[in-house]
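Residue-level structural notes
For reference, the chains in residue letters:
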Amino acid sequence: MTTRLTLFVCGSLTAALLATAGCNPPGATTPAKGDTASAAAKTYVAPGEKDEYYLFYSGGHSGQVYVAGLPSMRHISTIPVFAPYPATGYGFDEESRAMLGRFTWGDVHHPGLSQTEGKYDGRWLFVNDNANNRIARVDLRDFKTRQILGPIPNSSGNHGSSFVTENSEYVLVATRFSVPLPKGRYADLSTYKTEFNGMVSGIKVNPTSGEMTVGWQILTPPFNWDLGSTGKGPSSGWAFWTSYNSEMEHETLEATSTQGERDYAAIVNWRAAEQAVKDGKATMMDGVPVIDPAKVPGVLYFLPVPKSPHGIDTDPSGRWIAASGKLQPVTSVFDFEKIKKAIADKTFDGEVRGVPVIKHAAVIEGEVPVGLGPLHTQYDGKGNAYTSLYVESAVARWSLPPWNDAQKKDLNTVISDKIPVHFNIGHLVIGGSDTKAPYGQYLVAMNKLSKGRHLSVGPSQPESSQLIDISGSKMTMLYEAYTEPEPHFAQILKADAIAPIEVYPKAENTNPQAVWEASQAGVTRSGNKVSVKMVAIRSRFVPDKIEVNVGDEITIHVTNVEQTTDMIHGLGIVEHDMNVVVDPGETKTVKFTATRAGVFPFYCTNFCSALHQEMQGYLAVKP
Ligand code: K7E
Ligand code: CUA
C-alpha cells in the first residue's frame, strides 16, 4: 500500500536535504515491512504484563514529554512541562502557574536523564525549551515537573541542551541563536559579526534536591551552536557542541551559512570553566559570571568539522567523538586522546577571536562514509555506532575504532549494516548511549515524516517512530508507532531503575492549607477575600456550596485525602476556565475573582467511582 512519492528531482545534496521523502539516493531500498510474526512476538506485551523499558520522548513544540513503554511502544503518560495540560490540571493551579510564568508553550528537544558515575541514576529528567530559553527538571519519583529555570540570562535559543555531566554536576547548554548581550540591548542586525554573541552555560544542579541555578557562562562568537554531548573516561570534564554558520551571517542562512567547507565544534573544558570562576576570572553580566575565552585560556577550543554539522556524540568509553556534517555524506570520528595531546602540544591551526583552533589532521581518526544527510549517532556499548541518515531515510551501523589497516584504507568496510526507516529520520536513541553502560537491545528511530504510514487523519499528521532490534548481527524492524508533534530526542531507562510513588503519603503533605477531615473543611472570609479549604473524597467535595459576592477574591485549597493508587479527583468549575486535578494525598490551590453573578456548578473531572457523577457542588455568586 505504501508508495514513495517523488516530489523533487534530487540534483544535488542540498536539493536532497530540502526534499521531503522523495529522493531515492543510493542505498535506499523499498520500505521494509518486517517479518510480521517474529517481530510481533518480540514486541507483544500481553495484557497484565509490563514493558521492560521506559521511553521518555521529547514533545517538541507541544512543550511536553511523552512516556511510552518498550518494546510495546504504547503511550503511557504525558508529562506536562512547558505548556498547560488540562488532563492533569497542570497550569491551572497556583503552584504550576508560578512555574510556567508568562509562557504557555515551550519547544522541548533533548531530554537528559540524571547520572551518577556515568550511569543513569533514575532521579531526574532534564528537558530544554528552545523557544523561551528555559530548562526544566522532572522528578522521576512522581513524574512531575518540579522546576523550570529561565529564561536563562545571556542565552537565546536553548537548543544545545540538556546535556548532563557524569555526576549530574551540571546540565550544559549552548545557544542556537546569537543576540546582542546582555539581553534587552539593541544593536542593528548589520553589526551581527561584532555585536552579537552566543553562549555556553553551565546550569548547576544541587546534588541532593536537583535544584538548578545558573553556574557560569562562556562567551562565544555568534555561531549557531547545535547539538552536543558530555565527556567521560578520557574526556571526563569536557563537553562538545557542533555549530553551523561559522560564517556568522544573519540573513538567508541556507545559502550564506553553507559557504565554508568546515564549521566549528566547541571543545569545552567545563571543569576549567568552573575553576576560572572560582579564581575570579569571570565578569558579571546580568547576574551571571561570564568567562571571556580570549582572556581565560584553556576553557574553550574550536575544532573544524565537516560543513553544517548537526550532532556530536561521545561514545561510552569517552574516547571517540562522532560529528556528522549534514551536507557531507560522512561522519567524522575524532580521538579525544589526540585532542588532549594537540591541546598540550599547542597543535593549533590559528585562532578565531582568541580561541585556538585545533588542527583537524592531528585529531581526526577517520571519516566514515555512512550515507546521505548524517545527523546523530548513538552507541550500543558493543563497539558499534549507529548514525541517523536524514536524506537517505536510513540508519547506518558501523564499528568504532580501533580499526585495522585494511579498514583504515577503506572505511566503507567498517559499515556493517544499514536499515531503511520511514521517513527522514532525525534523532535516534539507544538506551544508555550517553552513559558508560548502554543497554544495546533496542534502537528507536524518530522520523520527521510519517506520510502514508498510518490511517489518514487529514493534513495535521503525527510523527512516526520505529523500533529496531539491534541485538543481532543484522538490525531488524519490529514496530512502528505514532506520536503528536514532535519528538526530537528521547531517553530510554530500564523499568526497574526507578520505583515511582503512586500516592503522596499524608505525612509528607506539609501544605498549611491541607485539610483531611470534612469537619476541618469550610469557607472563611476576611473583607472581600474568601478562602476555601476543601476536601475531595469519593464521592463528594466538602464544602459543596460556596457562597460569595461579585468582586470577591476566592482562593480554594483542595486536598485529595485518598491514599489509594489511581484515586484522582478533579475540580472543574463551569464557565471559569478552571480545572484542578489533585492526586491522592496532594493539596492544590486555585485563585480567581468572582466577576459575574450567577450560580456556577463545579464537578469532579476525573472518573473516580460509581458515584463520580454525583461528585458536584455550586459556586453561588451574589450580585
Ligand atoms: Cu536533530 Cu533539536 Cu536534536 Cu530535532 S534536533 S532532529
Ligand atoms: Cu472524584 Cu470523580
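Just so it is clear, the model here is predicted, and its values are computed rather than measured.

Turning to the nonpolar core, a few remarks are in order. In this structure, Ile218, Trp241, Leu300 and Phe302 are the most contacted members of the largest nonpolar core, which totals 30 residues. Core analysis: the second largest hydrophobic core is formed by 26 residues, Val548, Met578, Phe602 and Met615 among them.

Moving on, we come to the sheet that holds strand S27 (residues 394–399). Strand order in the open sheet formed by 4 strands is S25-S26-S27-S28, and the pairing between neighbours is antiparallel. Two strands close off the open sheet at either side, each with one partner strand: strand S25 (374–379) and strand S28 (415–420). Taking the axes of each pair of neighbouring strands and ignoring which way they run, one obtains an average angle of 20 degrees across the sheet. Pairing analysis gives 6 bridges linking strand S26 (residues 384–389) to S27, with the strands arranged antiparallel. Paired with Thr387 across the two strands is Ala396, which belongs to S27.

Before going further, it helps to spend a moment on the sheet that holds strand S1 (residues 53–58). Taken together, 4 strands build an open sheet; the order of strands is S3-S2-S1-S33 and the sheet is antiparallel. Either end of the sheet is taken by a strand with one partner, and the two such strands are strand S3 (75–80) and strand S33 (490–494). For this sheet the average axis-to-axis angle between neighbouring strands, irrespective of direction, equals 20 degrees. Across 5 bridges, the pairing between S1 and S33 is antiparallel. Bridged to Tyr53 within S33 is Lys494.

Our next topic: unusual backbone geometry. Outside of glycine, negative phi angles account for most residues, and trans bonds account for most peptide bonds. With omega at 15 degrees, the peptide bond leading from Ser161 into Ser162 counts as cis. By the secondary structure assignment, Ser162 is in strand S8 (residues 156–164). Cis peptide bonds are those with omega within 30 degrees of zero, and the linkage from Arg538 to Ser539 qualifies with -5 degrees. Within the secondary structure, Ser539 is located in the loop between strand S35 (529–537) and strand S36 (540–542). The phi dihedral of Met248 falls on the positive side, at around 55 degrees, and the residue is not glycine. Looking at the secondary structure, you find Met248 in the loop between strand S14 (238–244) and helix H5 (253–256). Judged by relative accessible area, which is 13%, Met248 ranks as buried. Of note, the phi angle at Lys346 is positive, near 55 degrees, even though the residue is not glycine. Relative to the assigned elements, Lys346 resides in the loop between helix H7 (336–345) and strand S22 (348–352). On the basis of relative accessibility, which here comes to 62%, the residue Lys346 falls in the exposed class.

Let us look at the pattern of salt bridges. Pairing between side chains of opposite charge can happen when the charged atoms of each approach one another. Across all of its chains, the model carries 28 salt bridges by this definition. The closest approach of N and O atoms between Asp93 and Lys588, which form a salt bridge, is 3.8 Å. Residue Asp93 is located in the loop between S3 and helix H3 (94–100), and its partner Lys588 is located in strand S41 (residues 587–593); the two are separated by 495 residues in the primary sequence. Each member of the pair, Asp93 together with Lys588, is buried. Arg134 is paired through a salt bridge with Asp129; the nearest N and O atoms lie 2.9 Å apart. With respect to class, Arg134 is no different from Asp129; both count as buried. A single salt-bridge network, built from bridges that share partners, covers Lys144, Asp583 and Glu586.

Residue placement: Thr175 occurs in strand S9 (residues 170–177). From its side chain, Thr175 meets the backbone nitrogen of Met199 in a polar contact 2.8 Å long. Filtering out sequence-adjacent residues up to four positions away, Thr175 remains in contact with Ser155, Ser156, Gly157, Gly198, Met199, Phe223, Asn224 and Trp225.

On to the environment of Val599, then. Checked against the element boundaries, Val599 lands in strand S42 (residues 598–604). Residue Val599 is classed as exposed on the basis of its relative accessible area, which comes to 55%. Distance from Val599 to Ala620, taken between C-alpha atoms, is 4.4 Å for residues 21 residues apart in sequence. Setting aside chain neighbours within four positions, we find Val599 in contact with Tyr618, Leu619 and Ala620.

Here we take up the side chain of Asp263. Mapping Asp263 onto the fold places it in strand S15 (residues 262–269). A polar contact of 2.7 Å, which involves the side chain of Asp263, links it to the side chain of Ser246.

The subject of this paragraph is the pairing of strand S23 (residues 355–358). Across a regular strand the side chains alternate sides, sitting on one face of the sheet and then on the other. On S23, burial covers both faces: Val355 and Val357 on one face and Pro356 and Ile358 on the other are all buried. Here S22 pairs with S23 via 3 bridges, running antiparallel. Looking at S23, one finds that Glu351 is bridged to Pro356. Joining the antiparallel neighbours S22 and S23 is a turn of 2 residues, in which Arg353 adopts a positive phi near 50 degrees.

What counts, and where the lines are drawn
- Every chain's residues receive numbers from 1 upward, in the order its sequence appears when written.
- Ligands are numbered from 1 and chains lettered from A, in the order in which they are written.
- Whole-chain, interface and lining totals are the exception, using all residues; otherwise, since this is a predicted model, local features are given only for residues with pLDDT of at least 70 and side-chain atom pairs are given and counted only at 80 or more.
- The basis for the side-chain values is all heavy atoms of the structure; hydrogens and waters are excluded.
- What makes a nonpolar core is a set of buried Ala, Val, Leu, Ile, Met, Phe, Trp, Tyr and Cys residues whose side-chain atoms join them at distances within 4.5 Å.
- For the exposure calls, accessible area comes from a 1.4 Å probe over protein chains only, and a residue counts as buried if that area is under 20% of its type's maximum, exposed if over 50%, partly exposed in between.
- Two strands pair under a simple rule: DSSP has to find at least two bridges between them.
- Secondary structure elements are taken from DSSP: a helix is a run of H or I of four residues or more, a strand is a run of E of two residues or more, and numbering for both begins at the N terminus.
- Angles run from 0 to 180 degrees between N-to-C directions of axes, and those axes are lines fitted to C-alpha atoms, restricted for helices to the stretch in contact.
- When a carboxyl oxygen of Asp or Glu lies within 4 Å of a side-chain nitrogen of Lys or Arg, that pair is called a salt bridge.
- Within 3.5 Å is the distance limit for a polar contact, defined as a pair of N or O atoms, with the added protein rule that one can donate a hydrogen and the other accept it, and that residues adjacent in sequence qualify only through two side-chain atoms.
- In what follows, residue pairs with any heavy atoms lying within 4.5 Å of each other are defined as contacts.

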